[in-house]
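Per-entry structural report
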Amino acid sequence: MPEMNPRWDIFCTVVDNFGDIGVTWRLARQLVAEHGLAVRLWVDDLRAFERLCPAIDIHAAQQRQENVEVRQWSGEWQPTAAADVVIAAFACQLPAAYMEAMAEREQPPLWMNLDYLSAEDWVIGCHGLPSVKFRHVQKFFFFPGFQKGTGGLLRERNLLEQRRQFQQRPEAQREFLQGLGIDRAPDAQLISLFAYENTGLASWLDSMAADSTATHLLVPEGRILGDVERWLGVDGLSAGDLHRREALTVQVLPFVRQDQYDLLLWSCDFNAVRGEDSFVRAQWAGRPLLWHIYQQEEDVHLDKLEAFLELYTKGLSTPAREAISGLWRAWNAGEKMTDHWQSTRKHWPELEKHAETWCLEQALQADLATALVQFYGNWI
Ligand code: TRH
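This one's a predicted model, so the numbers in the text were calculated from it and none came from an experiment.

1. Description of the sheet that holds strand β14 (residues 289-292)
The 6 strands lie next to each other as β11-β12-β10-β9-β13-β14, forming an open sheet whose pairing is mixed. If you trace the sheet from one side to the other, it starts and ends with β11 (242-245) and β14, each paired once. Strand-to-strand twist in this sheet, taken as the mean axis angle between neighbours without regard to direction, amounts to 15 degrees. As paired strands, strand β13 (residues 270-274) and β14 are joined by 4 bridges and run parallel to one another. Along β14, the bridge assignment pairs Arg274 with His292. On top of the sheet, helix α8 (residues 225-232) reaches β10 (215-220), β11 and β12 (248-253); it is set at about 140 degrees to β12, its chief contact.

Written out as structure tokens, the structure is:
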């Protein structure tokens, strides 16, 4: 008999950066808050987690955060009963003893691999298919995605309504920005910059500095700061630092809590994002964006970039499509951004409208947490 109140275990190994924990923490919270499930989140690196959620006690073997049971996934695995639903995030390898515990259950659990996000078409054919077996326990592929037939995107139930309200209240935005030490000049466009190291940055900063419109660029502390320092000709940038070069103001921000990061994206006119989770959040912000994709071996990430561009730019006029695609391609090749930025600026109103349309279209799909719960419902 399936459990009345199923227990879920989510396993996360932090490969690098913040995407692995960013996605699993978001999913865990949503399964608890919106689906009333009992969720344990097993994480092998609580220091990365602490950046997104400063309330984390990095020494605790077990703790509750926002009603999620957070477990330190250490090398020495303590025997534990397997849950009803087991999610291995991004193909992480579960502890051998836990796999045995899954197989020993009277009713084997639903075991899924939550894969990386891709807009490629093959994802539709593979989503939900059986993968490997451990003894008699079957694993399934679960693919997030942008199209019908995929597992969708993480989106909290009231997210777009909260975003709409926040964006309609300039005083709420001002208050939030002031809390981060940001004093926005009324006529300046606000841009956030979260990216990996990028040799194209200098040319983009040159363009913004030379622009007739003022730009206030907000850079959370992270990997791109070295390139910003080189362009400014300064060393050791840290949160709070502010530099002006012609029309461009560059301000370094602290790395904020994950929910605060949404407010930052919602406050900006344009967001440069990266990886997976910030990329999706920038889409929910309903504003034009620039994606720095996570680089993979043999440049397979470039196919993913093109697949997304093909979907995203549908409905745009040809010049606007060429402008934004050119900008994204240049950014991801570390190439000169100057001309692409100027063309993008020319199509601003159209790109702004399109970003909102895209967001609303994407929100017509079931969100990923709901899709997972439905998958389980169909499986039992
Ligand atoms: O950090 P990322 O580059 O993460 C990843 C990992 O590299 C992963 O291994 C890879 O597979 C994946 O990308 C594709 O980018 P991402 O996914 O955007 O994760 C960043 C998280 O950090 C996201 O949840 C938002 C959060 N964040 C904050 O909470 N506060 C901040 O100030 C900022 C800038 C981000």
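2. Quick word on the domain arrangement of the protein chain
Along its sequence, the protein chain is carved into domain 1 (7-154 + 366-379) and domain 2 (159-362). Relative to domain 2, the C-alpha centre of domain 1 lies at a distance of 29 Å. Counting residues at the interface gives 22 residues for domain 1 and 23 residues for domain 2. For the domain 1 and domain 2 pair, buried surface summed over both sides reaches about 2,000 Å², with 55% attributable to carbon and sulfur atoms.

3. Examining the nonpolar core
Core analysis: the biggest nonpolar cluster contains 74 residues, and Leu193, Trp204 and Trp328 have the highest contact counts within it. Viewed by domain, this core spans two of them, domain 1 (7-154 + 366-379) and domain 2 (159-362), each represented by three or more residues. Those residues in contact with Trp328 that sit more than four places away from it in its chain are Phe279, Leu289, Leu290, Trp291, Leu305, Phe308 and Leu309. Within the second largest apolar cluster, 40 residues are counted, among which are Leu27, Ala48, Val70 and Leu114.

4. Considering unusual backbone geometry
Here the phi dihedral of Asn67 falls at roughly 65 degrees; this positive angle occurs in a residue that is not glycine. Considering the arrangement of structural elements, one finds Asn67 in the loop between β3 (62-65) and β4 (68-72). Of note, the phi angle at Arg135 is positive, near 50 degrees, even though the residue is not glycine. Looking at where Arg135 falls in the secondary structure, it is placed in the loop between β7 (130-134) and β8 (137-142).

5. Describing a nonpolar patch on the surface
A surface patch of nonpolar side chains, about 290 Å² in accessible area, is lined by Val15, Tyr116 and Tyr294. Along the chain, Tyr294 falls in the loop between β14 and α11 (300-312).

6. Comments concerning helix α10 (residues 277-284)
For α10, a buried count of 8 out of 8 residues is recorded, marking the element as mostly surrounded by other parts of the structure. Immediately beyond the C-terminal end of α10, within one or two residues, lies Gly286, with a positive phi of roughly 70 degrees.

Parameters and conventions
Residues numbered from 1 in each chain as written. Predicted model: local features only at pLDDT ≥ 70, side-chain atom pairs only at ≥ 80, totals over all residues. Heavy atoms only, no water. Pairing = 2+ DSSP bridges. Helix = DSSP H or I, 4+ residues; strand = E, 2+ residues; numbered from the N terminus. Axes fitted to C-alpha atoms, helices over the stretch in contact; angles between N-to-C directions. Contact = heavy atoms within 4.5 Å. Domains from an automatic or database assignment. Buried area = accessible area lost by both parts, 1.4 Å probe. Core = buried A, V, L, I, M, F, W, Y, C linked by side-chain atoms within 4.5 Å. Buried < 20%, exposed > 50% of the residue type's maximum accessible area, 1.4 Å probe, protein only. Patch = residues over 30% accessible without salt bridge, like charges linked within 9 Å, V, L, I, M, F, W, Y side chains within 5 Å. Areas by Shrake-Rupley, 256 points an atom, 1.4 Å probe, with all protein chains shown as cover. Salt bridge = Lys/Arg side-chain N within 4 Å of Asp/Glu carboxyl O.

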